[in-house]
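Secondary and tertiary structure notes
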Amino acid sequence: MIFLGIESSCDDTAAAVVTGNRRILSSVVSSQTALHADFGGVVPEIAARAHAERLDLAVEQALAEAGLGLGALSGIAVTAGPGLIGGVMAGVMCAKGIAAGTGLPLVGVNHLAGHALTPRLTDGVDFPYLMLLVSGGHCQFLRVDGPDAFTRLGGTIDDAPGEAFDKLAKLLALPQPGGPHVEAEAAQGDPKRFPLPRPLLDRPGCDMSFSGLKTAALRQRDALIAEHGGLQAQDRRDLCAAFQSAVAEVLAEKSRRALAASPVPLLAVAGGVAANGLIRAALEQVAAEAGARFLAPPLRLCTDNGAMIAWAGIERFRLGHRDGMELAARPRWPLDGHAAPMLGHGKRGAKA
Ligand code: KG4
Ligand code: ZN
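If you're wondering where the values come from, they're calculated on a predicted model, not measured in any experiment.

What counts and how
- Residues numbered from 1 in each chain as written.
- Chains lettered and ligands numbered in written order.
- Predicted model: local features only at pLDDT ≥ 70, side-chain atom pairs only at ≥ 80, totals over all residues.
- Heavy atoms only, no water.
- Donors = N, O, S within 2.8 Å, 3.2 Å for Na, K, Ca; no water.
- Helix = DSSP H or I, 4+ residues; strand = E, 2+ residues; numbered from the N terminus.
- Buried < 20%, exposed > 50% of the residue type's maximum accessible area, 1.4 Å probe, protein only.
- Salt bridge = Lys/Arg side-chain N within 4 Å of Asp/Glu carboxyl O.
- Near = heavy atom within 4 Å.
- Polar contact = N/O pair within 3.5 Å; in protein donor to acceptor, adjacent residues only side chain to side chain.
- Areas by Shrake-Rupley, 256 points an atom, 1.4 Å probe, with all protein chains shown as cover.
- Nonpolar A, V, L, I, M, F, W, Y, C, P; charged D, E, K, R; others polar.
- Domains from an automatic or database assignment.
- Pairing = 2+ DSSP bridges.
- Axes fitted to C-alpha atoms, helices over the stretch in contact; angles between N-to-C directions.
- Contact = heavy atoms within 4.5 Å.
- Parallel < 35°, antiparallel > 145°, perpendicular 65-115°, else oblique.
- Left-handed = near helix turned anticlockwise from the far one by under 90°.

A word on the coordination of the zinc ion (ligand 2). On the protein side, the zinc ion (ligand 2) has H111 (NE2), H115 (NE2) and D304 (OD) as donor atoms, found 2.1 Å from it. Mapping the donors of the zinc ion (ligand 2) onto the primary sequence gives the spacing H-x3-H-x188-D. Taken together, the residues span a long stretch of sequence, with H115 in helix α4 (residues 111–123) and D304 in the loop between α10 (299–302) and α11 (307–318) at a distance of 189 residues. Looking at D304, the relative accessible area reads 15%, which means it is buried.

On to helix α5 (residues 161–171), then. Counting buried positions along α5 yields eight of eleven residues, so the element is predominantly enclosed. Residues P161, G162, E163, A164, F165, D166, L168 and A169 constitute the buried set of α5. Immediately beyond the C-terminal end of α5, within one or two residues, lies A173, with a positive phi of roughly 60°.

A separate point is the pattern of salt bridges. The tally for this structure, following the rule as stated, stands at 14 salt bridges. Its salt-bridge partner being D159, residue K167 comes within 3.0 Å of it at the nearest N-O pair. Note on K167: relative accessible area 25%, which makes it partly exposed. Residue classification places D159 among the buried positions, given a relative accessible area of 7%. Linking R193 and D235 is a salt bridge whose minimum nitrogen-to-oxygen distance equals 2.8 Å. One end of the pair, R193, is in the loop between α6 (179–186) and α7 (211–228); the other, D235, is in helix α8 (residues 233–261), and 42 residues separate them in sequence. For R193, a relative accessible area of 34% gives the class partly exposed. Residues participating in the shared-partner salt-bridge network are D159, E163, K167 and K214.

Right, let's talk about the site of ligand 1 for a bit. Surrounding ligand 1, one finds 20 residues, the nearest of these being G136, D166, G179, E183 and G272. Between ligand 1 and the protein, one listed contact pairs an oxygen atom with a backbone N or O atom of G162 at 3.0 Å. Protein chains shield 90% of the accessible area of ligand 1, which is 550 Å² for the free molecule. Counting only elements with at least two residues in the shell around ligand 1, the list comes to α5 and α6. Of all the elements, α5 adds the most residues to the shell around ligand 1, at four residues. Split by residue class, the shell around ligand 1 holds five nonpolar, ten polar and five charged. Three or more residues apiece are contributed to the shell around ligand 1 by two domains, here domain 1 (2–117 + 301–350) and domain 2 (126–300).

To continue, consider the sheet that holds strand β10 (residues 293–295). Sheet architecture is open: five strands sit in the order β8-β7-β6-β9-β10, paired in mixed fashion. Both outer strands of the open sheet, β8 (149–155) and β10, are each paired with one neighbouring strand and no more. The sheet shows a mean angle of 20° between the axes of neighbouring strands, direction not considered. Against the sheet, helix α9 (residues 277–289) touches β6 (129–134), β9 (266–270) and β10, its axis set at about 155° to β10.

Most of strand β2 (residues 12–19) sits inside the fold, with eight of its eight residues counted as buried. Neither face of β2 is exposed, since D12, A14, A16 and V18 on one face and T13, A15, V17 and T19 on the opposite face are all buried. Where strand β1 (residues 2–7) meets β2, six bridges bridge the pair, whose relative direction is antiparallel. The partner of F3 across the bridge, within β2, is V18. Hairpin connection, β2 to strand β3 (residues 24–31): the antiparallel pair is bridged by four residues, and R22 has positive phi, about 70°.

So, on to the packing of α6 against α8. To describe two helices that pack against each other, one gives the angle between their axes and the distance between the axes. Two elements in contact, α6 and α8, have axes separated by 7 Å at closest approach and are oriented at 110°. When the axes of α6 and α8 are compared, the pair comes out roughly perpendicular. The two elements α6 and α8 cross, and the hand of that crossing is left-handed. Each of V182, E183, E185 and A186 in α6 lies in contact with α8, whose residues at this interface are R236, R237, C240, A241 and Q244.

All we've got here are geometric facts, nothing functional implied.
What follows is the structure in structure tokens.
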């Protein structure tokens, strides 16, 4: 079994070739970061056009690096949502074109399922497990019981953590994407100098909120500027440290609750924010306390990529899922059909 996976739901154009026995034969990710840099966020129209221009090149490169032609494939998997609709449509059209031209089966994949099933691709883990998705666009706890069985235990009601890191970076005139820069500044900062809130920790459940944290940081910044006429380097470091430790504490406590509500042998994390050392360490400790294993797949498979889509396509294909030419691109597509709809819908697309 060999699948081509296509991903274009946000600002990465990606294609990959993956086998049924978990081998990644190629994984091409073409980032659009530079195209959106001047705008302080992903511009959906620019993203859609760039995907349309780059998708066939990414597919060609993925096949070339795998050393395979289209004839060697067993099927094509494509992200059919949730995400920025223009980009999702570009990917779905590309996949339909290849399927129509070759007669290969087409499998539409939920982007979040791609992230959520990644631990099975990288480490072959068994169900059930708990997945914390933390990126620039997503933030939710999913209990994963099968390739098609997800229960959402909670998530953000406003910004995703990565989005909050990016906004803080913008407030402090640090480059985008902000997460790594905030982490670097925080390394030399005092997390205790500025008391920032721990939003929603006082409420039961696993829902989270990060937009108030950013506003609190903004007020603190403005107070410092009003007092000293500007920000000192150490002020910036201390604000970054305070912000990072607040996010880590909220994610850790909510993970503790998620594991208590739904005890499973494994806590896995995916998304760009999983790169953060302090957050990773905090989650690792929570898992250990609950007697669960902690797993953070390699970062290139934690952030948006085509391999996770190819793999999720293989898992769905094995369950008998096939899509036809009527496969629709969906801006919103909750993984857990039973969960209440989410409130947040930020600049980076639907939080699903
Ligand atoms: O998974 P990802 O590449 O997908 C998108 O949502 O686009 O995540 C990117 C996000 C950005 O918001 C970035 O600031 C954040 O992950 N990020 C980090 C770190 N590295 C990346 N946040 C905190 N600490 C980091 N070291
Ligand atoms: Zn993603």
